[in-house]
Amino acid sequence: MRVLVTGANGFLGKHTVARLRERGHRVRAMVRPAARLDRLGWTDDVEVYRADLRVHRELSSAFEGIDALMHLAACVSGDEDVQFQSSVIGTERLLDAMSRTAVRRIVFASSIVVYDWSQACGEVSVDDPLDQEIYARDGYDVAKLWQEQV
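Residues numbered from 1 in each chain as written. Predicted model: local features only at pLDDT ≥ 70, side-chain atom pairs only at ≥ 80, totals over all residues. Heavy atoms only, no water.

It helps to recall that an α-helix has 3.6 residues per turn; residues three or four apart then point in one direction. Its 20 residues place the ends of helix α2 (residues 80-99) 28 Å apart at the C-alpha level, agreeing with the 28 Å of an ideal helix rising 1.5 Å per residue. By the burial criterion, the buried members of α2 are Gln-83, Ser-86, Ser-87, Val-88, Gly-90, Thr-91, Leu-94, Ala-97 and Met-98. Each element contacted by the buried residues of α2 is listed here: β1 (2-6), β2 (26-31), β4 (68-71), β5 (105-108) and α4 (139-149). (Helix = DSSP H or I, 4+ residues; strand = E, 2+ residues; numbered from the N terminus. Expected span 1.5 Å × (residues − 1). Buried < 20%, exposed > 50% of the residue type's maximum accessible area, 1.4 Å probe, protein only. Contact = heavy atoms within 4.5 Å.)

A side chain of one charge can pair with a side chain of the opposite charge if their charged atoms are brought near each other. A complete count under the given rule lists 9 salt bridges for this structure. Across the pair Arg-19 and Glu-22 runs a salt bridge, and its minimum N-O distance is 3.1 Å. Of this pair, Arg-19 and Glu-22 both sit in helix α1 (residues 11-22), 3 residues apart, which is roughly one turn of that helix. One salt bridge in this structure joins Arg-36 and Asp-38, with 2.8 Å as the shortest N-O distance. Per residue, the accessibility class of Arg-36 equals that of Asp-38, and both read exposed. Each of the salt bridges in this network shares a partner with another, and the network as a whole consists of Arg-2, Arg-28 and Glu-47. (Salt bridge = Lys/Arg side-chain N within 4 Å of Asp/Glu carboxyl O.)

So, on to the pairing of β1. For β1, a buried count of 5 out of 5 residues is recorded, marking the element as mostly surrounded by other parts of the structure. Side chains Arg-2, Leu-4 and Thr-6 of β1 all project onto a buried face; the interleaved residues Val-3 and Val-5 project onto the opposite face, where all are buried too. Bridge count between β1 and β2: 5 bridges; the pairing is parallel. Bridged to Val-5 within β2 is Ala-29. Chirality of the crossover, the property in question, places the unit of β1, α1 and β2 among those that are right-handed. (Pairing = 2+ DSSP bridges. Right-handed = clockwise from strand over helix to strand, strands pointing away.)

This part is about the sheet that holds β4. Read from one edge of the open sheet, 5 strands run β3-β2-β1-β4-β5, paired in parallel fashion. Only two strands of the sheet have a single partner each, and these edge strands are β3 (46-50) and β5. Taking the axes of each pair of neighbouring strands and ignoring which way they run, one obtains an average angle of 20° across the sheet. Alignment of β2 against β3, held across 5 bridges, turns out to be parallel. For Val-31, the partnering residue across the bridge sits in β3 and is Arg-50. (Axes fitted to C-alpha atoms, helices over the stretch in contact; angles between N-to-C directions.)

Together, Phe-84, Tyr-135 and Trp-146 make up a nonpolar patch on the protein surface, roughly 330 Å² of accessible area in all. Mapping Phe-84 onto the fold places it in helix α2. For Phe-84, a relative accessible area of 32% gives the class partly exposed. (Patch = residues over 30% accessible without salt bridge, like charges linked within 9 Å, V, L, I, M, F, W, Y side chains within 5 Å. Areas by Shrake-Rupley, 256 points an atom, 1.4 Å probe, with all protein chains shown as cover.)

Let us look at a negative patch on the surface. A cluster of acidic residues, Asp-79, Glu-80, Asp-81 and Asp-138, forms a negative patch on the protein surface. One can find Asp-81 in helix α2. Given a relative accessible area of 61%, Asp-81 falls into the exposed group. (Lys, Arg positive; Asp, Glu negative; His and termini not counted. Charge placed at Lys NZ, Arg CZ, Asp CG, Glu CD.)

Honestly, it's all geometry; don't read function into it.
Quick look at the structure:
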């Protein structure tokens with residue numbers, strides 16, 4: 001399987017790329033244009049696709065020859081506006097581009113921060129309610145909730 005991985009150089013992304021490669025999958029790693037990749041240990045079998053989901057006009061080409069998308073990209077720094085634009089608007093643009101291709105498989109990594117811990121009873125699942133007080137928290141938490149909604 002050929003997999004497009006967004007946020008491929010992030011904490012979760014670098015481990016995901018490694019596991020996909022171990023399992024024999026071919027990886028196209030989407031990273032921001034200025035991302036440094038020298039410490040990741042990737043060899044030429046990882047195809048690097050540089051794009052910023054916030055501003056690149058044409059993202060459909062990232063899906064050429066791809067079977068599935070693993071969307072791991074999210075912004076963990078900057079102010080609330082930067083985090084929202086990167087995580088939420090970037091996801092909207094990515095999914096819009098994907099909708100114009102033949103790719104129909106997606107794995108999205110959200111965050112545990114979107115769930116209401118008081119209702120989780122010690123173990124969180126996708127069936128647990130989302131946090132209704134998310135706006136009292138930080139920009140990352142709000143952006144992740146909205147990204148999940150997209």
